[in-house]
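Survey of secondary and tertiary structure
Listed below, chain by chain, are the residues.
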Amino acid sequence: MLAWHEELPSRYALIERFNHGYVASLGVAAGTRTLEVGAGIGGHLPFEDLSRQDYHAMEYRADFCARLRERLPAGNVHQGDIQERQPLADATFDRIVAIHVLEHLRDLPRAVAEIVRLMRPDAYFDVVLPTEGS
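Values in this document were obtained by computation on a predicted structure and should not be read as measured data. (Residues numbered from 1 in each chain as written. Predicted model: local features only at pLDDT ≥ 70, side-chain atom pairs only at ≥ 80, totals over all residues. Heavy atoms only, no water.)

Considerations on the nonpolar core
By size, the foremost hydrophobic cluster in this structure holds 16 residues, and its most contacted members are Leu 35, Ile 82, Ile 96 and Leu 118. Listed by contribution, the elements that provide at least two residues to this core are strand E1 (32-37), strand E4 (93-99), helix H4 (108-118) and strand E5 (119-128). Ile 82 has contacts with Val 37, Met 58, Leu 105, Arg 110, Ala 111, Glu 114, Ile 115 and Leu 118, leaving out every residue within four places of it along the chain. Among the nonpolar cores identified, the runner-up in size contains 8 residues, and Tyr 55, Ala 57, Cys 65 and Leu 72 belong to it. (Core = buried A, V, L, I, M, F, W, Y, C linked by side-chain atoms within 4.5 Å. Buried < 20%, exposed > 50% of the residue type's maximum accessible area, 1.4 Å probe, protein only. Helix = DSSP H or I, 4+ residues; strand = E, 2+ residues; numbered from the N terminus. Contact = heavy atoms within 4.5 Å.)

Structure, rendered in structure tokens:
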């Protein structure tokens, strides 16, 4: 999995620019509290303006979390599985990002329920999913 995350940006640069660039182009209000679920090793981070937001990343792999802590404050990296209840308060985030994550989850309804729990009532859920044939 690590090899894939390291190879993906260069091997599929055009697709990666769309995947990450589209979400980042949607705009973020200053002070937004964002959670990226399934953050991997931080491939989306360079596309975000981290100076305008309180950016958090969730990843279930401990070794990937260690890599994320090299780029984000340690308190903003959460090791966990979004399909399970997380030790975070209800309505914590203004924005949640999931880029090519949801299609890999075995219990999508449970993951979406947890995402909704973590979102403030006026929050945004920015998602990128693959499509077949286009």
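Here's the deal with the sheet that holds E5
Working definition: the strands of a sheet are paired by backbone hydrogen bonds and lie parallel or antiparallel to each other. Ordered in space as E3-E2-E1-E4-E5, the 5 strands form an open sheet in which the pairing is parallel. In this open sheet, the two edge strands, each paired with only one partner strand, are strand E3 (77-79) and E5. Sheet twist, expressed as the mean angle between neighbouring strand axes with direction ignored, is 20°. Across the sheet, helix H3 (residues 62-69) is in contact with strand E2 (53-59) and E3; its angle to E3 comes to roughly 175°. (Pairing = 2+ DSSP bridges. Axes fitted to C-alpha atoms, helices over the stretch in contact; angles between N-to-C directions.)

A word on the pattern of salt bridges
Any two side chains of opposite charge can pair if their charged atoms end up close together. Going through the model one piece at a time under the given rule, you end up with 10 salt bridges. Here Arg 95 makes a salt bridge to Glu 48, at a shortest N to O gap of 2.8 Å. You can see Arg 95 sitting in strand E4 and its partner Glu 48 sitting in the loop between E1 and E2, a full 47 residues away along the chain. Like Arg 95, the residue Glu 48 is buried in the burial classification. Residues Asp 81 and Arg 106 are paired through a salt bridge, measuring 3.9 Å at the closest nitrogen-oxygen approach. Of this pair, Asp 81 sits in the loop between E3 and E4 while Arg 106 sits in the loop between E4 and H4, and the two are 25 residues apart along the sequence. For Arg 106, a relative accessible area of 68% corresponds to the exposed category. One network of salt bridges, in which partners are shared, links Arg 85, Asp 90, Glu 114 and Arg 117. (Salt bridge = Lys/Arg side-chain N within 4 Å of Asp/Glu carboxyl O.)

Overview of unusual backbone geometry
Backbone phi values are negative for most residues with the exception of glycine, while trans is the configuration of most peptide bonds. Positive phi values are uncommon outside glycine, yet Ala 91 reaches one of about 55°. Residue placement: Ala 91 occurs in the loop between E3 and E4. For Ala 91, a relative accessible area of 32% corresponds to the partly exposed category. Positive phi values are uncommon outside glycine, yet His 100 reaches one of about 50°. Mapping His 100 onto the fold places it in the loop between E4 and H4.

Brief notes about the pairing of E2
With 6 of its 7 residues buried, E2 lies for the most part within the structure. Pairing of E2 with E3, which is carried by 3 bridges, proceeds in the parallel orientation. Among the inter-strand pairings, Met 58 is bridged to a residue of E3, identified as His 78. Handedness of the crossover is the feature at issue here: the chain leaves E2, passes through H3, returns alongside E3, and the resulting connection is right-handed. (Right-handed = clockwise from strand over helix to strand, strands pointing away.)

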